[in-house]
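# Topology and contacts: notes
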Amino acid sequence: TRPVHPVTGSAAPRPRARPRRALGFDRLTARAGAGYTAPMRFDPGNRLIVALDVPDADAARALAERVGAAASWVKVGLELFIAEGPAVVAAARAAGHRVMLDLKLHDIPETVGRAMAQAARLGAELVTVHAGGGRAMLAAAVAATAGTPARVLAVTVLTSMADGDLDDIGAIGP
């Protein structure tokens with residue numbers, strides 16, 4: 001028997017043979033209730049991610065060594081990536097870590113697509129983009145990682161933002 005669609009209650013279509021992208025979706029054109037989406041086919045392994053929120057490669061290396069095998073993932077954020085460049089991703093990969101590149105990319109679709117392709121070439125398996133860039137930008141990010149292990153994570157609201165901040169930018173209210 002086929003699974004039942006969670007919104008419509010009808011029998012779900014058979015899953016496609018090709019792998020899904022970005023949190024289980026291979027297209028960003030699907031709308032809620034428009035079709036069944038198979039579960040994500042991404043094995044996160046050990047889900048613990050150590051945030052290398054440090055100013056340089058030496059501090060990043062020391063922190064990753066202290067954590068050891070307790071976390072198979074490291075997060076390289078904007079500060080560390082700007083300070084050390086792609087070499088910090090290569091060093092983390094060489095040390096056996098899976099890399100989340102947390103840059104929150106937000107630009108025109110073509111630029112984000114090209115940046116995502118470069119991030120995938122570096123070996124980053126998770127890369128953040130800012131969802132505020134819109135559907136076309138998100139689609140470009142996903143398309144650029146096709147055929148690679150890289151996955152796109154869309155950030156909707158920064159954790160530093162309070163309700164007042166969201167109201168100031170028009171994200172809350174009429």
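In this report, we go over the structure that sits alongside the text. (Residues numbered from 1 in each chain as written. Predicted model: local features only at pLDDT ≥ 70, side-chain atom pairs only at ≥ 80, totals over all residues. Heavy atoms only, no water.)

What follows covers the pattern of salt bridges. All told, the structure shown has seven salt bridges when counted by the stated rule. Of the charged contacts, one joins Glu110 and Arg114 as a salt bridge, the two residues approaching to 2.8 Å between their closest N and O atoms. One end of the pair, Glu110, and the other, Arg114, are both in helix 4 (residues 109-122), four residues apart, so they sit about a helical turn from each other. According to the relative accessible area criterion, Glu110 is partly exposed, its value standing at 48%. The class of Arg114 is exposed, set by a relative accessible area of 56%. (Salt bridge = Lys/Arg side-chain N within 4 Å of Asp/Glu carboxyl O. Helix = DSSP H or I, 4+ residues; strand = E, 2+ residues; numbered from the N terminus. Buried < 20%, exposed > 50% of the residue type's maximum accessible area, 1.4 Å probe, protein only.)

Turning next to the side chain of His97. Position of His97 relative to the elements: it lies in the loop between helix 3 (86-94) and strand 3 (98-105). Those residues in contact with His97 that sit more than four places away from it in its chain are Ala64, Gly68, Ala71, Ser72, Val74 and Ala92. (Contact = heavy atoms within 4.5 Å.)

What follows covers the environment of Leu122. Following the sequence through the fold, Leu122 ends up in helix 4. Those residues in contact with Leu122, other than ones at most four positions away along the chain, are Phe81, Pro86, Val89 and Arg93.

With five of five residues buried, strand 2 (residues 73-77) lies mostly within the body of the structure. Sheet topology places strand 1 (residues 49-52) next to strand 2; four bridges connect them, and they run parallel. Note that in strand 2 the partner of Ala51 across the bridge is Lys75. On the question of chirality, the crossover connecting strand 1 to the parallel strand 2 by way of helix 1 (residues 57-67) is right-handed. Of the pairings in the sheet, the one linking strand 2 to strand 3 comprises five bridges and is parallel in character. Bridge pairing links Val76 to Leu101 in strand 3. (Pairing = 2+ DSSP bridges. Right-handed = clockwise from strand over helix to strand, strands pointing away.)

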